[in-house]
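Secondary and tertiary structure notes
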Amino acid sequence: MTRSVDWLAKEVCLSPKQFYQKSVERFGVGPKLFDQIIRFNKAAKLKERTQ
């Protein structure tokens, strides 16, 4: 389930800007791109299992 960056930032008690900066520090990419990478990996694994 994809959540908005604002919602996620609020859940971890950070501003959206702080959340973005922490995401880049830890993962090397912003939160939206990180989410896209995770969703792509899940789709690729699902495709592998169904072949």
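Worth saying up front: this structure is predicted, and the values here are computed from it rather than measured.

1. Quick word on the overall build of the protein chain
- What the protein chain contains, in helices and strands, is 3 helices and 0 strands.
- In the protein chain, the succession of helices and strands from N to C terminus is α-α-α.
- In summary, the protein chain has a C-alpha radius of gyration of 13 Å against a globular reference of 10 Å for 51 residues, an excess of more than 25%.
- Principal-axis analysis of the C-alpha atoms gives the protein chain an extent of 45 × 20 × 10 Å.
- Counting all 51 residues of the protein chain, 14% fall into the buried class.
- For the protein chain, the distance from the average site of its 11 positive side-chain charges to the average site of its 5 negative ones is 2 Å.

2. Some remarks on the packing of aromatic side chains
- If you walk through the whole model with that rule in mind, you get 1 aromatic pair.
- Ring centres 4.2 Å apart and planes at 20° place the aromatic pair Phe27 and Phe34 in the stacked group.
- Note on Phe27: relative accessible area 48%, which makes it partly exposed.
- Residue classification places Phe34 among the partly exposed positions, given a relative accessible area of 29%.

3. A word on the side chain of Ser23
- Here Ser23 is to be found in helix 2 (residues 16–27).
- Apart from the residues within four sequence positions on either side, Ser23 is in contact with Gly28, Val29, Gly30 and Pro31.

Conventions adopted
Every chain begins its residue count from 1, and numbering advances along the sequence as written. With pLDDT at 70 or above as the cut-off, local features in this predicted model cover only qualifying residues; side-chain atom pairs require 80 or more to be listed or tallied, and sums for whole chains, interfaces and linings still use all residues. Based on all heavy atoms of the structure, the side-chain values leave hydrogens and waters out of the count. To qualify as a helix, a DSSP run of H or I must reach at least 4 residues; to qualify as a strand, a run of E must reach at least 2; elements of each kind are numbered from the N terminus. Each radius of gyration reported is based on C-alpha atoms, and the globular scaling rule is 2.2 Å times the count of residues to the power 0.38. Accessible area is worked out with a 1.4 Å probe on protein chains only. A residue is then buried under 20% of its type maximum, exposed over 50%, and partly exposed in between. Only four residue types enter the tally: Lys and Arg on the positive side, Asp and Glu on the negative side, with His and both chain ends excluded. Charge coordinates come from a single atom per side chain, which is NZ of Lys, CZ of Arg, CG of Asp or CD of Glu. Two rings from Phe, Tyr or Trp (for Trp, the six-membered ring) form a pair when their centres sit within 6.5 Å of each other. Planes less than 30 degrees apart are called stacked, planes more than 60 degrees apart edge-to-face, and all others tilted. Contacts are assigned to residue pairs that have any heavy atoms within 4.5 Å of one another.

Spatial relationships are all this shows, so hold off on functional conclusions.
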